[in-house]
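Observations on the three-dimensional arrangement
This is what each chain is made of:
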Amino acid sequence: MSGGIVYTETVVWSAPEQYMAEAPYQIAIVVLDEGGRVTGRIAGARVQIGDRVAFVERRQEFPVFQKSL
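Now for a quick tour of the structure. Please read these numbers as outputs of a predicted model, since none were measured by experiment. (Residues numbered from 1 in each chain as written. Predicted model: local features only at pLDDT ≥ 70, side-chain atom pairs only at ≥ 80, totals over all residues. Heavy atoms only, no water.)

What follows deals with the pairing of strand E3 (residues 37–43). Within E3, five of the seven residues are buried, which leaves it mostly tucked inside the rest of the structure. Inspection of the sheet shows strand E2 (residues 25–32) paired to E3 by six bridges, in the antiparallel sense. Note on E3: the bridge partner recorded for isoleucine 29 is threonine 39. A loop of four residues connects E2 with E3, the two strands running antiparallel in sequence, and glycine 35 in this loop sits at a positive phi of about 105 degrees. Bridge analysis of E3 against strand E5 (residues 62–67) gives three bridges, and the strand direction is parallel. Residue pairing in the sheet places alanine 43 in a bridge with glutamine 66 of E5. (Buried < 20%, exposed > 50% of the residue type's maximum accessible area, 1.4 Å probe, protein only. Helix = DSSP H or I, 4+ residues; strand = E, 2+ residues; numbered from the N terminus. Pairing = 2+ DSSP bridges.)

Here the focus is the pattern of salt bridges. The final tally for this structure, using the stated rule, is four salt bridges. Two residues, glutamate 57 and arginine 59, come together in a salt bridge whose shortest N-O distance is 2.8 Å. Judged by its relative accessible area of 40%, arginine 59 falls in the partly exposed class. (Salt bridge = Lys/Arg side-chain N within 4 Å of Asp/Glu carboxyl O.)

At the junction of alanine 23 and proline 24, the peptide bond is cis and its omega measures out at 0 degrees in the coordinates. Turning to its location among the elements, proline 24 is positioned in the loop between strand E1 (3–12) and E2. Here glutamine 60, not a glycine, exhibits a phi torsion of approximately 55 degrees, which is positive. You can see glutamine 60 is positioned in the loop between strand E4 (52–59) and E5.

Taken as a class, soluble globular proteins show a tendency for nonpolar side chains to be buried jointly. Counting nine residues, the largest nonpolar core is built from Val6, Ala28, Val30, Leu32, Val38, Ile42, Val47, Val53 and Phe65. A total of three residues in this core trace back to one element, the largest contributor, which is E2. Residues within four places of alanine 28 in sequence aside, it is in contact with Val6, Thr8, Glu9, Val38, Thr39, Gly40 and Ile42. (Core = buried A, V, L, I, M, F, W, Y, C linked by side-chain atoms within 4.5 Å. Contact = heavy atoms within 4.5 Å.)

Here aspartate 51 lies in the loop between E3 and E4. With relative accessibility at 17%, the residue aspartate 51 sits in the buried group. Setting aside residues up to four positions removed in sequence, aspartate 51 forms contacts with Gly4, Ile5, Val6 and Lys67.

Structure below.
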């Protein structure tokens, strides 16, 4: 997984119990460069629809992306 474009995004303010300590956090659906879509967490600066993001790592079962410069 390399990166892609943000299709949609939201900020989670009221998280499930296991993620409460991390709230608020942003998640996004990313249209991957290699095809398909995936839901992942956003690290660092907030993203908007249409922003390019790069894959950073996997945390637990979730891919993590950050805004590309």
